Amino acid sequence: MQVNTNKFSWFQVPEDVKELLILAAQTWEDSVESEKYMQQAIAKTGDNPDVLVAAYRYFYYKNNYFLALKIAKQLITTIREAENFSDNWEELKPILVQRCEEAKIRLYLNAYAASGLVLAKLGNLDEAKEISIRIKQIDDKHDFGAGILLDILTRPAEEDE
């Protein structure tokens with residue numbers, strides 16, 4: 001199948017990987033087939049952020065939350081290692097606050113917030129709350145949706161009348 005990859009010029013990946021991502025989208029209705037293409041794209045590129053974001057979205061919208069979480073964590077780890085970030089939140093927080101407008105840091109925060117959303121969907125509410133609280137401490141512009149998720153997770157149960 002011949003695929004026009006020019007319309008996806010923002011992806012900084014080889015043409016054969018773009019083709020795999022397009023094929024995954026084109027075969028969306030056949031989950032087995034489309035996932036095969038997505039897994040091939042991931043295998044060919046490793047930790048490429050563009051492919052990891054595409055894979056996260058793919059698995060999230062396919063309701064495969066376990067793989068969506070795995071991919072989000074892979075993206076977080078990739079950026080953490082590239083930036084030599086500490087695993088300690090109290091050490092990391094001021095760095096993220098200071099650099100929160102940088103593209104790579106925004107991607108890190110988006111992936112971290114996304115992991116919180118997926119954890120909530122998987123029923124791990126305590127960890128989802130913790131992540132939402134952390135992101136909300138940094139996100140004064142409400143760009144990452146952590147405040148909304150936290151509001152949902154901490155909303156008191158409605159009383160029966």
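Structure first, text after, so check above.
Figured I'd write up the structure that's included with this text. (Residues numbered from 1 in each chain as written. Predicted model: local features only at pLDDT ≥ 70, side-chain atom pairs only at ≥ 80, totals over all residues. Heavy atoms only, no water.)

Before going further, it helps to examine helix 8 (residues 146-154). What helix 8 keeps buried is the set Ala 146, Gly 147, Leu 149, Leu 150 and Leu 153. Viewed along the axis of helix 8, the buried residues span an arc of 160°, placing them on a single side of the element. For helix 8, the elements touching its buried residues are helix 6 (103-121) and helix 7 (125-138). (Buried < 20%, exposed > 50% of the residue type's maximum accessible area, 1.4 Å probe, protein only. Helix = DSSP H or I, 4+ residues; strand = E, 2+ residues; numbered from the N terminus. Arc of directions from axis to C-beta. Contact = heavy atoms within 4.5 Å.)

We now examine the packing of helix 3 (residues 49-61) against helix 6. Packing of helix 3 against helix 6 brings their axes to within 12 Å, and their N-to-C directions diverge by 20°. When the interaxial angle is binned, helix 3 and helix 6 end up roughly parallel. For the pair helix 3 and helix 6, the crossing hand works out as left-handed. Two secondary-structure elements touch here, helix 3 through Pro 49, Val 53, Tyr 56 and Tyr 60 and helix 6 through Leu 107, Ala 114, Leu 117, Val 118 and Lys 121. A breakdown of the residues in the contact of helix 3 with helix 6 according to their chemical character gives 8 nonpolar, no polar and 1 charged. (Axes fitted to C-alpha atoms, helices over the stretch in contact; angles between N-to-C directions. Parallel < 35°, antiparallel > 145°, perpendicular 65-115°, else oblique. Left-handed = near helix turned anticlockwise from the far one by under 90°. Nonpolar A, V, L, I, M, F, W, Y, C, P; charged D, E, K, R; others polar.)

This paragraph deals with the packing of aromatic side chains. Applying the stated rule across the entire model yields 8 aromatic pairs. For the pair Tyr 60 and Tyr 61, a centre-to-centre distance of 5.2 Å together with 90° between the ring planes defines the contact as edge-to-face. Linked through ring pairs, Tyr 56, Tyr 60, Tyr 61 and Tyr 65 together constitute an aromatic cluster. Lying over the aromatic face of Tyr 37, Lys 36 brings its terminal NZ or CZ to 5.1 Å of the ring centre. A cation over an aromatic ring shows up here: Lys 62 above the ring of Trp 28, its NZ or CZ 4.2 Å from the ring centre. (Phe/Tyr/Trp six-rings, centres within 6.5 Å; stacked < 30°, edge-to-face > 60°. Lys NZ or Arg CZ within 6 Å of the ring centre and 35° of its normal.)

So, on to unusual backbone geometry. With phi around 60°, Asn 63 is a residue other than glycine that occupies positive phi space. Structurally, Asn 63 is set in the loop between helix 3 and helix 4 (65-83). With a relative accessible area of 52%, Asn 63 lands in the exposed category.

What follows concerns the nonpolar core. Ranked by internal contacts, the top residues of the largest apolar core, which has 50 residues, are Met 38, Tyr 56, Phe 59, Leu 96, Tyr 108, Leu 109 and Ile 135. Elements represented by at least two residues in this core include exactly helix 1 (15-26), helix 2 (31-45), helix 3, helix 4, helix 5 (89-99), helix 6, helix 7 and helix 8. Among the elements that make up this core, the one with the highest residue count is helix 6 (10 residues). The residues contacting Leu 109, other than those within four sequence positions of it, are Leu 96, Cys 100, Ile 135, Ile 138 and Phe 144. (Core = buried A, V, L, I, M, F, W, Y, C linked by side-chain atoms within 4.5 Å.)

Turning next to empty space enclosed by the protein. In total, this model carries 1 cavity of 30 Å³ or more according to the counting rule given. Within this model, the largest cavity holds a volume of roughly 50 Å³. Split by residue class, the lining of the largest cavity holds 3 nonpolar, no polar and 6 charged. (1 Å grid on protein atoms, 1.4 Å probe; cavity = no way out; pocket = protein on both sides within 12 Å on 5 of 7 lines; lining within 4 Å. Points joined across faces, edges and corners; volume = space filled by probe spheres on them.)

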